[in-house]
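Analysis of the macromolecular model
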Amino acid sequence: MKLTSEQVKQTVNQLGAQVLPDEHPAMPQLNSMFGEHTFFVDEMGLKVLEPTPSLGADRQSGEVVSLADWGDSDLTRLMAHEPEPTGVIVVFEHVRH
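A brief report on the enclosed structure follows.

Definitions and cut-offs
- Residues numbered from 1 in each chain as written.
- Predicted model: local features only at pLDDT ≥ 70, side-chain atom pairs only at ≥ 80, totals over all residues.
- Heavy atoms only, no water.
- Salt bridge = Lys/Arg side-chain N within 4 Å of Asp/Glu carboxyl O.
- Helix = DSSP H or I, 4+ residues; strand = E, 2+ residues; numbered from the N terminus.
- Buried < 20%, exposed > 50% of the residue type's maximum accessible area, 1.4 Å probe, protein only.
- Contact = heavy atoms within 4.5 Å.
- Core = buried A, V, L, I, M, F, W, Y, C linked by side-chain atoms within 4.5 Å.
- Pairing = 2+ DSSP bridges.
- Axes fitted to C-alpha atoms, helices over the stretch in contact; angles between N-to-C directions.
- Phe/Tyr/Trp six-rings, centres within 6.5 Å; stacked < 30°, edge-to-face > 60°.

Considering all chains together, one arrives at three salt bridges under this definition. For K9, the salt bridge identified is with E6, shortest N-O distance 3.6 Å. Of this pair, K9 and E6 both sit in helix 1 (residues 5–15), three residues apart, roughly one helical turn. Among the residues examined, K9 registers a relative accessible area of 49% and is labelled partly exposed. With relative accessibility at 29%, the residue E6 sits in the partly exposed group. Residue D42 is joined to K47 by a salt bridge in which the shortest nitrogen-to-oxygen separation is 3.2 Å.

Non-glycine residue L75 carries a positive phi angle of around 55 degrees. Along the polypeptide, L75 turns up in the loop between strand 4 (59–70) and strand 5 (78–93).

Mapped onto the elements of the fold, T11 is located in helix 1. T11 sits in the buried class, given a relative accessible area of 0%. Among residues more than four places away in sequence, those in contact with T11 are L3, G16, F40, L49, V90 and F92.

L20, M27, L30, F39, V41, L46, V48, V65, L67 and A68 form the largest nonpolar core, which has ten residues in total. Of all elements in the fold, only helix 2 (27–34), strand 3 (45–51) and strand 4 reach the threshold of two or more residues within this core. The biggest single contributor to this core is strand 4, with three residues. Apart from residues lying up to four places away in sequence, A68 is in contact with M44, G45, L46, L78, M79, A80 and H81. V8, A17, F40 and L49 belong to the second-largest nonpolar core, a separate cluster that totals nine residues.

Let us look at the sheet that holds strand 5. The strand order across the open sheet formed by five strands is 1-2-3-4-5, and the pairing between neighbours is antiparallel. With partners counted over all chains shown, the strands left at the sheet margins are strand 1 (18–19) and strand 5, one partner each. Packed on one face of the sheet, helix 1 meets strand 1, strand 2 (40–41), strand 3, strand 4 and strand 5 and runs near 100 degrees to strand 5.

So, on to the packing of aromatic side chains. This structure, assessed with the given rule, holds one aromatic pair. Ring geometry for F34 versus F39: centroids 6.3 Å apart, planes at 55 degrees, classification tilted.

Functional significance is not addressed by these values, which are geometric in nature.
As C-alpha cells, this is what we get:
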C-alpha cells in the first residue's frame, strides 16, 4: 500500500517506526521483492501496511505486515520472510482543510 504524506505522518505517530524515503538506496530492491509500498523500519524489522475493510467514509485503515526481521544486533541487515500480518491496525483520520 503506497501512502500519502499525511498517512505516512499518521503511521509514524501511531507506530513509532521510521519511513524509508523513496530516494533510499534500498528502494529499487525492496520494490522488486515486495511491490510498490511505503516501507517502514522499526526495532523488529521491515514493515508495510495492507488495506483493511473501510471504517466509514472519513476513515481508512491498514494492517501492519512484517516482511523482514533484522539479522544482526546492529540493525544493518534484514532477513526477508513470508509476509506476516501483525494484527496491528493503523487508522487514518480524515484531515479537513
